[in-house]
Amino acid sequence: MGLQGLLCVCLVSLLTLQAVAAQGSPTRSPKGGKIGPGALSACIHTCPGFVLQKQMAVDAAVDGVVIRSLKVNCKVTSRFAHYVITSQVTNSADTAKEVSFNVEIPKTAFISDFTITADENAFTGDIKDKVTAWKQYRKAAISGENAGLVRASGRTMEEFSIHVMVGPRSKATFRLTYEEVLRRKLMQYDIVIKVKPKQLVQLFEIDVDIFEPQGIRKLDVEASFLPKKLAAQLIKKSFSGKKGHVLFRPTVSQQQTCPTCSTTLLNGDFKVTYDVNRDNACDLLVANNYFAHFFAPQNLTKLNKNVVFVIDISSSMEGQKVKQTKEALRKILGDMRPGDYFDLVLFGSAVQSWKGSLVQASPANLEAARNFVQQFSLAGATNLNGGLLRGIEILNKAQQSLPELSNHASILIMLTDGEPTEGVTDRTQILKNVRDAIKGRFPLYNLGFGHDVDLNFLEVMSLENNGRVQRIYEDHDATQQLQGFYEQVANPLLRDVELLYPQEAVSDLTQHRHKQYYEGSEIMVAGRIADHKLSSFKADMRAKAEGQEFMTTCLVDEEEMKKLLRERGHMLENHVERLWAYLTIQELLAKRMKLEGKEKASVSAKALQMSLAYQFVTPLTSMTVRGMADQDGLEPIIDKPLDDSLPLAFMLAASQPAPTHSSLNIEKVPDQVTGVDTDPHFLIHVPQKEDTLCFNINEEPGVVLSLVQDPDTGFSVNGQLIGNEAGSPGKHEGTYFGRLGIANPATDFQLEVTPQNITLNPGSGGPVFSWRDQAFLRQNEVLVTINRKRSLVVSVEDGGTFEVVLHRVWRGSAVHQDFLGFYVLDSHRMSARTHGLLGQFFHPFDYKVSDLHPGSDPTKTDATMVVKNRRLTVTRGLQKDYRKDPRHGAEVTCWFIHNNGDGLIDGVHTDYIVPDIF
């Protein structure tokens, strides 16, 4: 039985080691690569958890391979948690064995060290700028993986995985270190260790050591896989004063499900929870010219609150999502206190509010609100901007017109499952509108339901307005997720919190101003103290409490600090400094999301410098394992997944500067553009007429069509058609673009785009990216921007700007094949000789429409169009533009030209068939 899943983290960490007998020589890795016996090599691989898999007898050996030990050591010093996971495997057989070391760590954690030791050879991690690892990135992408050995796993975890071959009669030891700061939620800090070993281990150990200068108030341990009586016998727990300790070290026999069984009893969660004493409001720690200040005052009266819930009721919320949202809202309304005031705003295509102003949470109002929630129905698109502005307006009016509510804690909570598709849809404009309306008065919390939301956009909006974002996962417990979020903000205790320090004594402060402080949470500030300024160092806390001002001052007890240093030694100094570095890097990573151009580059550079200085694997750095190369000479790379992070930048010409958002210089894109999408429907926007023409091309799968061809520069875009995999027999088989080739011969640029991968210069082995990546690619004057899981933009200096939209199969979709759409955002710099099914319409042309009359379909209007000296019968109809909403699209009214665009396009459509995409 494999030992599957160990984790020791502030949230969760899961460990797996996999020992598999080699079936002869040479052995193949899971990806098909050859790894010779006795060699130590690595392959990139995705595994389901932190698992050690290997068939074992009761004596803990299988085929000569023994997992000697699997240990998780957690050391916590003033909320800073340092984790080391160590596993040792011995191969006493005469054949090589492959083992897989997998760990799940929290998304908020930073890996800081990794070492493999085998046959007395040590292979260690080396942290460097992420961009330098582009070769490994390319290899991973070609395999269909994200860059590196770490990828997102589940809701809160990232999975680290590496495979090695252990030679005959050899042993290997894996050691992974990662760090993070424990955040207080609902009055406690949690350490959850996922214990899921599917085999017996010779030495299995979880050791948690906690040191909190304020003293530990409570320390609890739960093991879901052990009966309470047995847990009490096997788990050693103690705490006294500043120290707490938990040890779980079951023997092999104690792991067994029965005395003669080879199966393990360990299967579930091992959870350690603790909190500290709050008798002294001054929790201030100073060591080696760094300080950490923890602010969580007790015995405060709860503030009444003004809360507006802004809820997405667009059609995409249908099914379980709206059912779970309604259930959560009903329960949340039941938790409102009599002194609270509230309202509900719903937005689909239109915006509606329940009352339009705040009302008191009286029993009658709460019952009426629950009935309103029960009865509302879904409607149309997503007017996110309108819904938010209505909610903000309700809170602002209440604060201005009702003096008795001005001392309440105002909170705006918005839930959406999609992207803005109605009203104002430009994200930059929405951000500005919300900023200008709130003006820093209260926090905005955004909840993104499911995976179709633009979480980056919602996070920037929350960060700009003193709030935060949280994803709500589409799952059976979505109701509980929504309630769990609300519980964290349900009981505000203070408003306008400021933690102030002498300017001449401190520098490099982390965030020290907060709009609100909530019961059960904690505000944490860290910084540097100038040399010889400790004597003048102090902390002043100011805030608004219920009916009064809250003020207190904390001074450093130097004797107490010396005592703490004697007790904890170098670990205390090290952890306080690293806590400051961790918080600073996290805040810089968040801050850069709100910036553009030089400001963003400056903040990113500082975050990178600190990541390298403190040896953290962050979204800006990577760790390569030195000396551990595969058959191509590439070392494995330990990477932080690029979710919600700065896009990876690749400069394929040494003279080019690193691209930024400001590098794009794309003029404001008009609401309607020229493009082609779905089956394939061509949209030709004619700005001079403020109108659109449209036509279809009916051809067979495999045919390649010329979309854009500029003979002056050689620039071209060609697209290959694919069929609908689940077409109905006897019906016309829809065709869609499944492969695009974009070429600029003047700079030897080629880009191949499919629904699976994006390949730069495929003919010369250029880098390959997946749609899960977020990246900037620059080659000479061509810039490619990959927008993760959504689209890519190609911008050619002194040329055009084009967008490729990704369409993924989704539940309820009539199309059962992933495909691409292609749009022209800017073409005014293209030459007058540009041609192709789209290119021939880049420059002005004229047409006239007359004789409007009912057509063969009485619901549609036919007309006579004169264009290019031809007289055509055309029909008024609707097509869709999918740039902003790849799932539902936006309707566009157009004149439809029949018979493959005959009479509108030059020649006939078969003239545009070309041999290949390049």
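Residues numbered from 1 in each chain as written. Predicted model: local features only at pLDDT ≥ 70, side-chain atom pairs only at ≥ 80, totals over all residues. Heavy atoms only, no water.

Draft legend 1. Up close: the overall build of the chain. The helix and strand tally for the chain stands at 13 helices and 57 strands. Burial analysis of the chain (918 residues in total) assigns 58% to the buried set. A separation threshold of at least 6 residues defines the contact pool for the chain, and within that pool the share at least 24 residues apart is 70%. Per element, the accessible surface of the chain, about 37,100 Å² overall, is 47% carbon and sulfur. (Helix = DSSP H or I, 4+ residues; strand = E, 2+ residues; numbered from the N terminus. Buried < 20%, exposed > 50% of the residue type's maximum accessible area, 1.4 Å probe, protein only. Contact = heavy atoms within 4.5 Å. Areas by Shrake-Rupley, 256 points an atom, 1.4 Å probe, with all protein chains shown as cover.)

Draft legend 2. Examining the sheet that holds strand S15 (residues 189-195) more closely. With antiparallel pairing, the 3 strands of this open sheet are ordered in space as S15-S20-S17. Each edge of the sheet is formed by a strand with only one pairing partner; in this case those strands are S15 and strand S17 (216-223). Taking each pair of neighbouring strands and ignoring which way they run, the sheet shows an average axis angle of 10°. Here S15 runs beside strand S20 (residues 268-276); their pairing, made up of 7 bridges, is antiparallel. Residue Tyr 189 lies in a different strand from S20, and its bridge partner there is Tyr 274. (Pairing = 2+ DSSP bridges. Axes fitted to C-alpha atoms, helices over the stretch in contact; angles between N-to-C directions.)

Draft legend 3. Quick look at the packing of helix H4 (residues 320-334) against helix H5 (residues 363-375). As a packed pair, H4 and H5 sit with axes 9 Å apart at the nearest point and diverge in direction by 175°. Looking at the two axes, H4 sits roughly antiparallel to H5. The residues of H5 that touch H4, namely those facing Lys 326, Leu 329, Arg 330, Leu 333 and Gly 334, are Leu 366, Ala 369, Arg 370, Val 373, Gln 374 and Gln 375. (Parallel < 35°, antiparallel > 145°, perpendicular 65-115°, else oblique.)

Draft legend 4. Quick peek at the pairing of strand S53 (residues 847-854). Across 6 bridges, S53 lies against strand S54 (residues 861-867) in antiparallel orientation. Across the sheet, Val 849 pairs through a bridge with Met 865, a residue of S54. Counting the residues that bridge the hairpin from S53 to S54 gives 6 residues.

Draft legend 5. Representation of the side chain of Glu 179 in the model. Along the chain, Glu 179 turns up in strand S14 (residues 170-181). With relative accessibility at 2%, the residue Glu 179 sits in the buried group. A polar side-chain atom of Glu 179 sits 2.8 Å from a polar atom in the side chain of Arg 578. In this structure, Glu 179 is in contact with Phe 80, Ala 81, His 82, Ala 109, Phe 110, Ser 112, Arg 578, Tyr 582 and Phe 616, ignoring residues within four places of it in sequence. (Polar contact = N/O pair within 3.5 Å; in protein donor to acceptor, adjacent residues only side chain to side chain.)

Draft legend 6. Spotlight on the sheet that holds strand S32 (residues 513-518). If you trace the 4 strands from one edge of the open sheet to the other, you get S32-S30-S34-S35, paired in antiparallel fashion. Bordering the open sheet on either side are S32 and strand S35 (548-555), each of which pairs with just one other strand. This sheet shows a mean twist of 25° between the axes of neighbouring strands, independent of strand direction. Taken together, the 4 bridges between strand S30 (residues 492-500) and strand S34 (residues 538-545) define a ladder with antiparallel strand orientation. Looking at the pairing, Leu 499 lines up with Met 541 of S34.

Draft legend 7. Seen up close, the state of the cysteines. Under the counting rule described, the total for this entry stands at 3 disulfides. Two residues share a disulfide in this structure: Cys 694 and Cys 894, whose sulfurs sit 2.1 Å from each other. Because the torsion about its S-S bond is 70°, the bridge between Cys 694 and Cys 894 counts as right-handed. In this pair, Cys 694 sits in strand S41 (residues 691-696) while Cys 894 sits in strand S56 (residues 890-897), placing the two residues 200 residues apart along the sequence. (Disulfide = S-S within 2.5 Å.)

Draft legend 8. View of the packing of aromatic side chains. For the coordinates displayed, the defined rule picks out 25 aromatic pairs. A ring pair is formed by Phe 225 and Phe 248, whose centres lie 6.1 Å apart and whose planes are at 45°; its orientation type is tilted. Here the residue Phe 225 occupies a position in the loop between S17 and helix H2 (228-234), and Phe 248 occupies one in strand S19 (residues 243-248), the gap between them amounting to 23 residues. Across the pair, Phe 248 and Phe 225 agree in class, each one buried. Between the aromatic rings of Phe 291 and Phe 537, the centroid separation amounts to 4.8 Å while the plane-to-plane angle is 50°, which identifies the pairing as tilted. With a gap of 246 residues between them, Phe 291 in strand S22 (residues 290-295) and Phe 537 in the loop between strand S33 (523-529) and S34 connect regions that are remote in the sequence. Note on Phe 291: relative accessible area 0%, which makes it buried. For Phe 537, a relative accessible area of 2% corresponds to the buried category. Grouping aromatic residues by their ring pairs yields a cluster made of Phe 204, Phe 225, Phe 248 and Phe 270. (Phe/Tyr/Trp six-rings, centres within 6.5 Å; stacked < 30°, edge-to-face > 60°.)

Draft legend 9. Region of interest: helix H9 (residues 478-489). Taking 1.5 Å per residue as the helical rise, H9 with its 12 residues ought to reach 16 Å, and the 18 Å between its terminal C-alpha atoms agrees with that figure. Among the residues of H9, those classed as buried are Ala 478, Thr 479, Gln 481, Leu 482, Gln 483, Phe 485, Tyr 486, Gln 488 and Val 489. (Expected span 1.5 Å × (residues − 1).)

Draft legend 10. View of the nonpolar core. By size, the foremost hydrophobic cluster in this structure holds 59 residues, and its most contacted members are Phe 114, Phe 248 and Phe 270. Tallying contributions element by element places strand S7 (residues 65-77) first for this core, with 6 residues. What Phe 248 contacts, discounting residues up to four positions off in sequence, is Phe 204, Glu 205, Ile 206, Phe 225, Leu 226, Leu 234, Ile 235, Leu 266 and Phe 270. (Core = buried A, V, L, I, M, F, W, Y, C linked by side-chain atoms within 4.5 Å.)

Draft legend 11. Here's a closer look at the environment of Gln 480. Secondary-structure assignment places Gln 480 in helix H9. Sequence-wise, Gln 480 and Gln 324 are 156 residues apart; in three dimensions their C-alpha atoms are separated by 8.9 Å.

Draft legend 12. Inspection of the pattern of salt bridges at higher detail. Within this structure, the stated rule accounts for 41 salt bridges. Residue Arg 184 pairs with Asp 275 through a salt bridge whose shortest N-O separation is 3.0 Å. Of this pair, Arg 184 sits in the loop between S14 and S15 while Asp 275 sits in strand S20, placing them 91 residues apart in sequence. Across the pair Arg 829 and Asp 826 runs a salt bridge whose closest N-O atoms are separated by 3.3 Å. Owing to a relative accessible area of 41%, Arg 829 belongs among the partly exposed residues under this scheme. Residue classification places Asp 826 among the buried residues on the basis of a relative accessible area of 14%. A network of salt bridges, in which partner residues are shared, links Arg 79, Arg 184, Glu 212, Arg 217, Asp 275, Arg 278, Asp 283 and Glu 522. (Salt bridge = Lys/Arg side-chain N within 4 Å of Asp/Glu carboxyl O.)

Draft legend 13. Representation of unusual backbone geometry. Its identity is not glycine, yet Asp 748 carries a phi of approximately 55°, on the positive side. On the secondary structure map, Asp 748 appears in the loop between strand S44 (735-744) and strand S45 (749-753). Given the relative accessible area of 63%, Asp 748 is considered exposed. Of note in this structure, Asp 798 is not a glycine but carries a positive phi near 60°. By relative accessible area, Asp 798 is classed as exposed at 68%.

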